[in-house]
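# Summary of the model geometry
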2 protein chains.
Amino acid sequence: MRISLVGAGRVATHLAKALHQDHEIVDIYSRSIEYAEQLAQRVSARACDQFSQMQQHIDVLVIAVSDQAINTVIQGIAEYFDDVLIAHTSGSTHIHILEQYHTRCGVLYPLQTFSLERDIDWKTTPLLIEASQDADLSLLTNIANQLSQRVYHYDSAQRLSLHLSAVFACNFTNYCYDMAKQVVDARDVDFSLLYPLMIETAHKATQHAPQTVQTGPAVRKDQNIINMHEKMLKELHRDDLKKIYHDLSDAIMNRI
Amino acid sequence: MRISLVGAGRVATHLAKALHQDHEIVDIYSRSIEYAEQLAQRVSARACDQFSQMQQHIDVLVIAVSDQAINTVIQGIAEYFDDVLIAHTSGSTHIHILEQYHTRCGVLYPLQTFSLERDIDWKTTPLLIEASQDADLSLLTNIANQLSQRVYHYDSAQRLSLHLSAVFACNFTNYCYDMAKQVVDARDVDFSLLYPLMIETAHKATQHAPQTVQTGPAVRKDQNIINMHEKMLKELHRDDLKKIYHDLSDAIMNRI
């Protein structure tokens, strides 16, 4: 298939490289022509920074830009791709946003966290797909099956709750790691000592319901340790961390 | 060496089994004789529920009980083990608690989360040791080196900050998984879809400083998505999760 991408960021880069294995990548669009060129070169595509310059004889146009920019992109680009399937890659953007301006709409949402420095294991990455028309759902399913062994048809409402859930499971989790690092950094203790604990905690939560394996002073209602920890955070002049420690401990103690 | 343990819970069980590979486990004490017997049987030891019944000719006595119980145990047990090294396994209990009642004191703290259902990879588990006397530090170092390739000498203050850090990296992280599961459960979406994301997030944080790989709506300051997520949590009648979402997003946005 002939596929073009709007976007040259983390998701666009990983997705273009993966799609390039089985398909022809035609154009890479970015508002920054430098970024477009960098990615285009890696997938033997053409770079451009104007929608009007893009080749219109393609099968699928993938919009892989930040959530805020999707609305602007579909408004500007729809007129050039009248009979092309246009799919976005966002967990939190309803398919309606595309459908306001276009007929053949879809979503291909990879439920994973992307960094430029790290390769993605596409085969195990869940891909959540949705399309306005049945034929386009088949088309997206075929593309998705080539990328991953875990392809799911979810509507926008289900996808939105998965994305919300991912904020807890990924973004907030990473912030917990970040806070953990700040605590040991303040005492010149090596953060890497915590790596086995972090990895084991993640694996354990994939094998047991997290509630059933909750450990720590809060779930034991060990107020002495909690007070001591809050005192330590106060001594480090980290009232911000102390507040989060207090609120999360409270939530764990009062979980229904 | 001849080693006895006070405690028959998760840490005591994993530690007794590991120590049993290289040493003789003499007594397992628990206030519950049934628990003591269960563990004692697995490590060919004797079970007891009275300190006065324990054999006194041993090399090391390990106190592996909850933090709250350590004080009571050392008060009751010190008189029977006058010339024995007594070590606790707690991250958050100062060695002074033992030193109030005993001369030869130590700490052997495994920085890991223990469940009865899961085996521990002792070789990669950091062991933090401390002792009141140099000879006992050598003795504990020898025991620790047989268990793990990662043995560290840290004093009580450093160990306490590692334990506080571990609450963020393990306990709060697990609670984030728990909240994530509650969100998808409310929409009948399968929590296992998030497993690759959880594992990748943990691994990424062991290879890059977590602050540098923070993703999600908060770090992008994407107030539209944040508002939408908070509205979804309100619709689920989860004002408790909404508050945590709000506070953690705020903290990420305002991180120094």
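Note: the structure precedes this text.
Note that the structure is predicted; figures quoted are calculated from it, not measured.

### Structural notes on the sheet that holds strand β2 (residues 24-29) of chain B
All names here are of chain B. Taken in spatial order, the 8 strands line up as β3-β2-β1-β4-β5-β6-β7-β8 in an open sheet, and their pairing is mixed. The open sheet is flanked by β3 (46-48) and β8 (151-153), the only strands paired with a single partner. Direction aside, the axes of adjacent strands within the sheet are offset by 25° on average. Across 4 bridges, the pairing between strand β4 (residues 60-63) and strand β5 (residues 85-88) is parallel. If you follow L61 over to β5, its bridge partner there is I86. Set on the sheet, helix α5 (residues 134-147) makes contact with β1 (2-6), β4, β5, β6 (105-110), β7 (127-131) and β8; between it and β7 the angle comes to about 165°. The strands touched by helix α6 (residues 156-185) within the sheet are β5, β6 and β7, with β7 carrying the most contacts at an inclination of about 150°.

### What to know about the environment of K221 of chain A
Residues and elements named next belong to chain A. In this fold, K221 is placed in the loop between α7 (195-205) and α8 (223-235). Classification of K221 as exposed rests on a relative accessible area of 53%. Along the primary structure K221 and I252 are separated by 31 residues, whereas in three dimensions their C-alpha atoms are 9.1 Å apart.

### Considering the sheet that holds strand β1 (residues 2-6) of chain A
Residue and element names in this part refer to chain A. The sheet built from 8 strands is open, its strands ordered β3-β2-β1-β4-β5-β6-β7-β8 with mixed pairing. Of all strands in the sheet, those bounded by a partner on one side alone are β3 (46-48) and β8 (151-153). If you compare each strand with its neighbour and ignore which way they point, the axes differ by 25° on average. Pairing analysis gives 5 bridges linking strand β6 (residues 105-110) to strand β7 (residues 127-131), with the strands arranged antiparallel. Across the sheet, residue L108 finds its bridge partner in β7, namely I129.

### Considerations on the environment of M54 of chain B
All names here are of chain B. Tracing the chain through its elements places M54 in the loop between β3 and β4. Placed 107 residues apart in sequence, M54 and S161 show a C-alpha to C-alpha distance of 34 Å. With sequence-adjacent residues up to four places away left out, M54 is seen in contact with S4, L5, V6, D27, Y29, R46, C48, L61, I77 and F81.

### Describing the relation of the copies chain B and chain A
Here chain B sits on chain A after a turn of 180° about the axis and a move of 0.0 Å along it, with an RMSD of 0.0 Å. What the superposition gives is, in effect, a two-fold axis relating one chain to the other. Of the C-alpha atoms belonging to chain B, the one lying closest to the rotation axis is found on T173 of chain B, 2.5 Å away. Here 100% of the contact residues of chain B are again contact residues in chain A; the copies associate through an equivalent surface.

### Looking at the pairing of β6 of chain A
Of all 6 residues that make up β6 of chain A, 6 are buried, and the element is covered over most of its length. Burial along β6 of chain A is two-sided: C105, V107 and Y109 of chain A facing one way and G106, L108 and P110 of chain A facing the other are all buried.

### Comments concerning the side chain of S115 of chain B
Looking at the element boundaries, S115 of chain B is found in the loop between β6 and β7. At 2.4 Å, the side chain of S115 of chain B forms a polar contact with the side chain of K204 of chain A.

### What about the packing of α7 of chain A against α6 of chain B?
Running from amino to carboxyl end, α7 of chain A crosses α6 of chain B at an angle of 15°, the nearest separation of the two axes being 10 Å. When the axis of α7 of chain A is compared with that of α6 of chain B, the two are roughly parallel. α6 of chain B is crossed by α7 of chain A, and the crossing has right-handed handedness. Each of L197, M198, T201, A202 and A205 of chain A in α7 of chain A lies in contact with α6 of chain B, whose residues at this interface are A166, A169, C170, T173, N174 and Y177 of chain B. The class makeup of the residues in the contact of α7 of chain A with α6 of chain B is 8 nonpolar, 3 polar and no charged.

### A word on empty space enclosed by the protein
If a probe the size of a water molecule is rolled over the atoms, the empty space left behind becomes visible. Evaluated as defined, the whole model comprises 6 cavities of 30 Å³ or more. In this model, the largest cavity occupies a volume close to 50 Å³. Taken together, T113, C170, N171 and N174 of chain A together with T201, K204, V213 and T215 of chain B form the lining of the largest cavity. Listing elements by their share of the lining of the largest cavity, those giving two or more residues are α6 (156-185) of chain A together with α7 (195-205) of chain B. When residues of the lining of the largest cavity are assigned to their parent elements, the largest contribution, 3 residues, is made by α6 of chain A. Class assignment of the residues belonging to the lining of the largest cavity gives a composition of 2 nonpolar, 5 polar and 1 charged.

Criteria and cut-off values
Residues numbered from 1 in each chain as written. Chains lettered and ligands numbered in written order. Predicted model: local features only at pLDDT ≥ 70, side-chain atom pairs only at ≥ 80, totals over all residues. Heavy atoms only, no water. Pairing = 2+ DSSP bridges. Helix = DSSP H or I, 4+ residues; strand = E, 2+ residues; numbered from the N terminus. Axes fitted to C-alpha atoms, helices over the stretch in contact; angles between N-to-C directions. Contact = heavy atoms within 4.5 Å. Buried < 20%, exposed > 50% of the residue type's maximum accessible area, 1.4 Å probe, protein only. Least-squares fit on C-alpha atoms with pLDDT ≥ 70 in both. Polar contact = N/O pair within 3.5 Å; in protein donor to acceptor, adjacent residues only side chain to side chain. Parallel < 35°, antiparallel > 145°, perpendicular 65-115°, else oblique. Left-handed = near helix turned anticlockwise from the far one by under 90°. Nonpolar A, V, L, I, M, F, W, Y, C, P; charged D, E, K, R; others polar. 1 Å grid on protein atoms, 1.4 Å probe; cavity = no way out; pocket = protein on both sides within 12 Å on 5 of 7 lines; lining within 4 Å. Points joined across faces, edges and corners; volume = space filled by probe spheres on them.

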